[in-house]
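# An overview of the molecular structure
So you can see what is in the structure, the chains are spelled out below.
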Amino acid sequence: MDKEILRLEKVNKSFGGVHAVKDISMTIAKGELTAIIGPNGAGKTTIFNLISGVYKVSSGDIFFNSKSLLRFRPDQIVGMGISRTFQNLRLFNDASVLENVMTAMQQQQKYSFFEAVSHLGRWKNKEKATKERSMELLDRVGLADRYMQEAGTLPYGLQRRLEMARAIALEPELLLLDEPAAGMNAEEIEQLNQLILKIHSDFNLTILLIEHHMELVMKICPHIICVNFGAKIAEGTPNEIQNNKDVLVAYLGEDD
Ligand SMILES: Nc1ncnc2c1ncn2[C@@H]1O[C@H](COP(=O)(O)OP(=O)(O)OP(=O)(O)O)[C@@H](O)[C@H]1O
């Protein structure tokens, strides 16, 4: 395996009586495009919430670039190089597409209000540079022609695209995508697959994505991990996963 970027070691998470994540271990190599799949309620989003520091593990450890993440807050974890999207979009609906990306980019640059007022000239230059870089990013994700539009008025598929642009604006090494295809039609999903492949190579990212629908990830993710009832039940290539008995059983009876 190439150099490891993320490792989960025997991670457990319980909410009262619900054992949502059971003894999960996994290793993601730098530059990989990996999917975590599993039926509804399998524990996928909880795994993301543990990696991004939203929840604390009940036991086990999570390493990013060989450093344990357990004592860091979510904002510190973003600063270390992990950003994410959410199943339920978190955009500034009344702000423009460009402003949405600029806000994320400025968060990453971390310049304070005092710096802004005391170095007005420099701040203006930064503002200009941020705007240019945001436009470049919007161009890469195919939203440049919509930059003035209010985010909330974009078609749903494009709102998901914008949310991805905001996550990329935080300049992550590892990008976590939480069900990026949720609510999309077949054509939007095909476009999304192309976009994920493009940002993966354009931005030199490691991508870990969660998906409920197995067939969506088969085309684009060479490394797939399947979870069910909180535990890892299979890991391998699309071909190995497709032919894994436990995976087929986990998905049997699923009607959507
Ligand atoms: N904050 C919480 N409090 C209590 N239980 C929770 C909490 N978050 C998740 N759970 C429970 O943990 C289990 C796993 O949920 P999780 O959302 O991680 O599954 P999922 O695989 O992401 O499902 P989906 O595909 O429906 O999003 C479920 O039984 C869920 O009800």
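Residues numbered from 1 in each chain as written. Predicted model: local features only at pLDDT ≥ 70, side-chain atom pairs only at ≥ 80, totals over all residues.

### Details of the sheet that holds strand 9 (residues 223-228)
Strands pair in a sheet through their backbones, by hydrogen bonds, and they do so in one of two ways: parallel or antiparallel. What counts is decided by this rule: For two strands to be treated as a pair, DSSP must find no fewer than two bridges joining them. Each helix is a run of DSSP H or I of at least 4 residues and each strand a run of E of at least 2, with the numbering of both proceeding from the N terminus. Structural elements are reduced to axes, namely lines fitted to C-alpha atoms, with helices fitted over the stretch in contact, and the angle between N-to-C directions of any two is expressed from 0 to 180 degrees.
Strands sit in the order 6-7-8-3-9-10 across an open sheet of six strands; the sheet is mixed. Edge positions in the sheet fall to strand 6 (82-84) and strand 10 (231-236), since each of these pairs with one other strand and no more. Strand after strand, the sheet turns through a mean of 20° between neighbouring axes, direction not considered. One ladder, built from five bridges, connects strand 9 with strand 10; its direction is antiparallel.

### Here's the deal with the sheet that holds strand 5 (residues 67-68)
Pairing is antiparallel across the open sheet formed by four strands, whose spatial order is 2-1-4-5. Bordering the open sheet on either side are strand 2 (18-29) and strand 5, each of which pairs with just one other strand. The pairing of strand 1 (residues 4-15) with strand 4 (residues 59-64) spans five bridges and is antiparallel. Counted as the bridge partner of Glu9 is Asp61 from strand 4.

### Some words on the domain arrangement of the protein chain
Applied cut-off: Boundary definitions for the domains trace back to an automatic or database domain assignment. For every residue pair, C-beta atoms are placed from the backbone, and the pair is scored as a contact if these atoms sit within 7 Å. Under the scheme applied, nonpolar residues are Ala, Val, Leu, Ile, Met, Phe, Trp, Tyr, Cys and Pro; charged residues are Asp, Glu, Lys and Arg; polar residues are all the others, including Gly.
What the domain assignment lists for the protein chain is domain 1 (1-81 + 172-256) and domain 2 (91-166). Computed over C-alpha atoms only, the centres of domain 1 and domain 2 are separated by 27 Å. Opposite the nine residues of domain 1 that make contact, domain 2 presents seven residues. Per-element tally for the side of domain 1 that touches domain 2: the top contributor is helix 7 (residues 186-202), with five residues. Each residue belonging to the side of domain 1 that touches domain 2 can be placed in one class, and the counts come to five nonpolar, two polar and two charged.

### What about the site of the ligand?
Heads up, the condition is: All residues are tested the same way: a C-beta atom is placed from the backbone, and lying within 6 Å of a molecule or strand makes the residue near it.
Neighbouring residues of the ligand: Phe15, Val18, Ala20, Gly38, Asn40, Gly41, Ala42, Gly43, Lys44, Thr45, Thr46 and His212. If you list the elements that add at least two residues to the shell around the ligand, you get strand 2 and helix 1 (44-51). Ranked by residues supplied to the shell around the ligand, first place goes to helix 1 with three residues. In terms of residue class, the shell around the ligand is built from four nonpolar, seven polar and one charged.

### Re the environment of Pro74
This is how the line gets drawn: Exposed residues have 12 or fewer other C-beta atoms within 10 Å of their own C-beta, buried residues have 20 or more, and residues in between are partly exposed; the C-beta atoms are placed from the backbone.
The residue Pro74 is located in helix 2 (residues 74-80) in this model. Note on Pro74: 14 C-beta atoms within 10 Å, which makes it partly exposed. Spatially, the C-alpha atoms of Pro74 and Asn49 are 9.2 Å apart, while their sequence positions differ by 25 residues. Apart from the residues within four sequence positions on either side, Pro74 is in contact with Ser52, Gly53 and Val54.

### A short note on the nonpolar core
So the rule is basically this: Structurally, a nonpolar core is described as a collection of buried Ala, Val, Leu, Ile, Met, Phe, Trp, Tyr and Cys residues joined by way of C-beta atoms within 7 Å.
Membership of the largest hydrophobic core comes to 66 residues, with the highest contact counts inside it found for Val101, Ala165 and Cys226. Here this core spans two domains, since at least three of its residues come from each of domain 1 (1-81 + 172-256) and domain 2 (91-166).

### Notes on unusual backbone geometry
In the Ramachandran plot, Lys10 falls in the positive-phi region, its phi being about 45° despite a non-glycine side chain. Mapping Lys10 onto the fold places it in strand 1. For Lys10, a count of 12 C-beta atoms within 10 Å puts it in the exposed group. In the Ramachandran plot, Asp23 falls in the positive-phi region, its phi being about 50° despite a non-glycine side chain. Tracing the backbone through its elements, the reader meets Asp23 in strand 2. Asp23 gets classed as partly exposed once you count the C-beta atoms within 10 Å, which come to 15.

### Some words on the confidence of the model for the protein chain
Interpretation of the predicted coordinates at a detailed level should be avoided for regions scoring low in pLDDT. Applied cut-off: A residue's pLDDT is the confidence the predictor assigns to it, expressed on a 0 to 100 scale.
For the protein chain, the average pLDDT comes to 90, and 91% of its residues sit at 70 or higher. Predicted as a complex, the structure gets a pTM of 0.90 and an ipTM equal to 0.94.

### Focus: the pairing of strand 1
Bridge count between strand 1 and strand 2: eight bridges; the pairing is antiparallel. From the neighbouring strand, Ser14 faces strand 2, where its bridge partner is His19. The hairpin turn running from strand 1 into strand 2, its antiparallel successor, is two residues long, and Gly16 in that turn takes a positive phi close to 55°.

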